[in-house]
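Structural overview
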Amino acid sequence: MSVFRIIFNILWFVLGGFVMGLLWWLVGLLCFISIVGIPFGRSCFVIGEMAFWPFGQDAVNRRYINRYDDIGTGTLGTLGNIIWFLLFGFWLALGHLGHAIVCFISIIGIPFGIQHLKLAMLSLAPIGKTVVARSAI
């Protein structure tokens, strides 16, 4: 892990990543209330970890990693993403978008704003995606 990634991740965590990561974990706990929501909740905890430390991680479609469709990348995944968007996705994306706007106000905050936009896009339709580590740049 590069020194810049470590520095950016620590700054991110202190300047807002902690709040959004906790929100992802709170939504994950809400999803665990029902048996149907358990897969959603598990994903929330994985994405919440990414929200704590986003530099050096990306969310990619599982179809590109596995080279075949699974239950989350097919029709049921699309249906799950629609339900997700209506229940939680819009609100999480709105939180990330608000943080991104605040970060874009200062020049120094632009890399953090970009990460918030990346997480906002992920929060709209997370089903069928997986979090992977990026190789060192």
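Our subject in this report is the structure included herewith. (Residues numbered from 1 in each chain as written. Predicted model: local features only at pLDDT ≥ 70, side-chain atom pairs only at ≥ 80, totals over all residues. Heavy atoms only, no water.)

Per the secondary structure count, the protein chain includes 5 helices and 2 strands. Here the C-alpha radius of gyration of the protein chain, 15 Å, is about what a compact globule of 137 residues would show, namely 14 Å. Principal-axis analysis of the C-alpha atoms gives the protein chain an extent of 40 × 30 × 20 Å. Residues counted as buried form 36% of the 137 residues belonging to the protein chain. Long-range pairs, those at least 24 residues apart, make up 70% of the contacts in the protein chain between residues at least 6 apart in sequence. Accessible surface for the protein chain amounts to roughly 8200 Å². Of this, 77% is attributable to carbon and sulfur atoms. In the protein chain, which carries 8 positive and 4 negative side-chain charges, the distance between the mean positions of the two groups comes to 4 Å. (Helix = DSSP H or I, 4+ residues; strand = E, 2+ residues; numbered from the N terminus. Rg over C-alpha atoms; globule rule 2.2 N^0.38 Å. Buried < 20%, exposed > 50% of the residue type's maximum accessible area, 1.4 Å probe, protein only. Contact = heavy atoms within 4.5 Å. Areas by Shrake-Rupley, 256 points an atom, 1.4 Å probe, with all protein chains shown as cover. Lys, Arg positive; Asp, Glu negative; His and termini not counted. Charge placed at Lys NZ, Arg CZ, Asp CG, Glu CD.)

On to the packing of helix α1 (residues 3-31) against helix α4 (residues 75-105). Two numbers describe how α1 lies on α4: the axes approach to 11 Å, and their chain directions differ by 175°. One finds that α1 runs roughly antiparallel with respect to α4. Here G16, M20, L23, W24, V27, L30 and C31 of α1 lie close against α4, whose contacting residues are W84, F88, L92, G95, H96 and H99. Considered class by class, the residues forming the contact of α1 with α4 number 9 nonpolar, 4 polar and no charged. (Axes fitted to C-alpha atoms, helices over the stretch in contact; angles between N-to-C directions. Parallel < 35°, antiparallel > 145°, perpendicular 65-115°, else oblique. Nonpolar A, V, L, I, M, F, W, Y, C, P; charged D, E, K, R; others polar.)

Before going further, it helps to spend a moment on the pattern of salt bridges. Enumeration over the complete set of coordinates arrives at 2 salt bridges. The partner of K118 in a salt bridge is D58, with the nearest N and O atoms 3.5 Å apart. With K118 in helix α5 (residues 110-124) and D58 in strand β1 (residues 57-61), this pair connects stretches of sequence that are 60 residues apart. Classification of K118 by relative accessible area gives partly exposed; the value is 22%. (Salt bridge = Lys/Arg side-chain N within 4 Å of Asp/Glu carboxyl O.)

Where α4 contacts α5, the axes come no closer than 7 Å and their chain directions differ by 170°. Relative to α5, α4 is oriented roughly antiparallel. Here α4 contributes N81, W84, F85, G89, L92, A93, H96, L97, H99, A100, C103 and F104 to the contact with α5, which in turn contributes I110, F112, G113, I114, H116, L117, L119, A120, S123 and L124. Looking at the contact of α4 with α5 residue by residue, the classes come out as 15 nonpolar, 7 polar and no charged.

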